[in-house]
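Here are the chains, one letter per residue:
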Amino acid sequence: MPMEPAKDVREQHPDVQFDDTDRALLLALDEDPRMTTMALAQRCGLARGTVHARLERFREAGVLRLNSARVDPARLGRPLSAMVAVELDQHDIDGAIAALSRVPEVLECFAPAGETDLLVRVVARDPDDLYRVSEDVRLCPGVTRTRTSVYLRRVIPYRVGPLLREGLPKNRVSKKS
């Protein structure tokens with residue numbers, strides 16, 4: 001059975017619009033994902049019911065990422081990160097994606113425009129382990145060639161705060177930056 005490609009949230013929920021209250025809530029959550037509904041309500045000056053309803057709307061719309069995305073792979077013994085560019089046999093794309101999803105060290109997989117068919121973000125214990133992980137990727141059905149680029153260091157961590165602050169009135173912007 002062919003795998004369904006992951007859909008962009010905008011395709012699933014094209015009507016998702018954010019007002020200033022949504023942005024303030026999301027910014028507060030981005031700064032402290034463990035905030036309770038009551039703490040969010042107090043911080044943003046909103047009723048608890050309003051916060052609860054908006055959080056539920058965010059969940060239903062797929063706006064919030066899974067909590068596991070915040071786990072640092074280095075804390076799991078995988079401090080080395082790399083991107084593996086994958087070229088595929090175009091007849092077995094679904095098989096390749098299914099096999100890649102079974103490699104535990106594969107954190108994400110993107111289908112970019114251009115010459116590369118897939119970009120696979122992987123983690124490893126050390127260079128020898130990265131070689132093993134790269135081989136696991138290369139040996140997936142449908143994979144014809146790979147190129148691995150190691151991340152030497154992260155210079156800008158994953159962030160959405162600047163996007164959330166964009167257009168938000170100054171009195172609604174959190175004190176944290």
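Quick note: structure is the one above.
Now for a quick tour of the structure. Quick caveat: nothing in here was measured; it's all calculated off a predicted structure. (Residues numbered from 1 in each chain as written. Predicted model: local features only at pLDDT ≥ 70, side-chain atom pairs only at ≥ 80, totals over all residues. Heavy atoms only, no water.)

### What about the overall build of the chain?
In terms of helices and strands, the chain carries 7 helices and 4 strands. Moving toward the C terminus, one meets the helices and strands of the chain in the order α-α-α-α-β-α-β-β-α-β-α. The 177 residues of the chain split such that 31% are buried. (Helix = DSSP H or I, 4+ residues; strand = E, 2+ residues; numbered from the N terminus. Buried < 20%, exposed > 50% of the residue type's maximum accessible area, 1.4 Å probe, protein only.)

### Notes on the pattern of salt bridges
Side chains that differ in sign of charge can pair as their charged atoms come close. Enumeration according to the criterion identifies 12 salt bridges in this entry. Here Asp 136 ties to Arg 132 by a salt bridge, and the two come within 2.9 Å at their closest N and O atoms. Of this pair, Asp 136 and Arg 132 are both found in helix H6 (residues 127-138), 4 residues apart, which corresponds to roughly one turn of the helix. A relative accessible area of 31% places Asp 136 in the partly exposed class. Salt bridges here are not isolated pairs; linked through shared partners, they connect Asp 19, Asp 22, Arg 54 and Arg 57. (Salt bridge = Lys/Arg side-chain N within 4 Å of Asp/Glu carboxyl O.)

That's the geometry; what it means functionally is another story.
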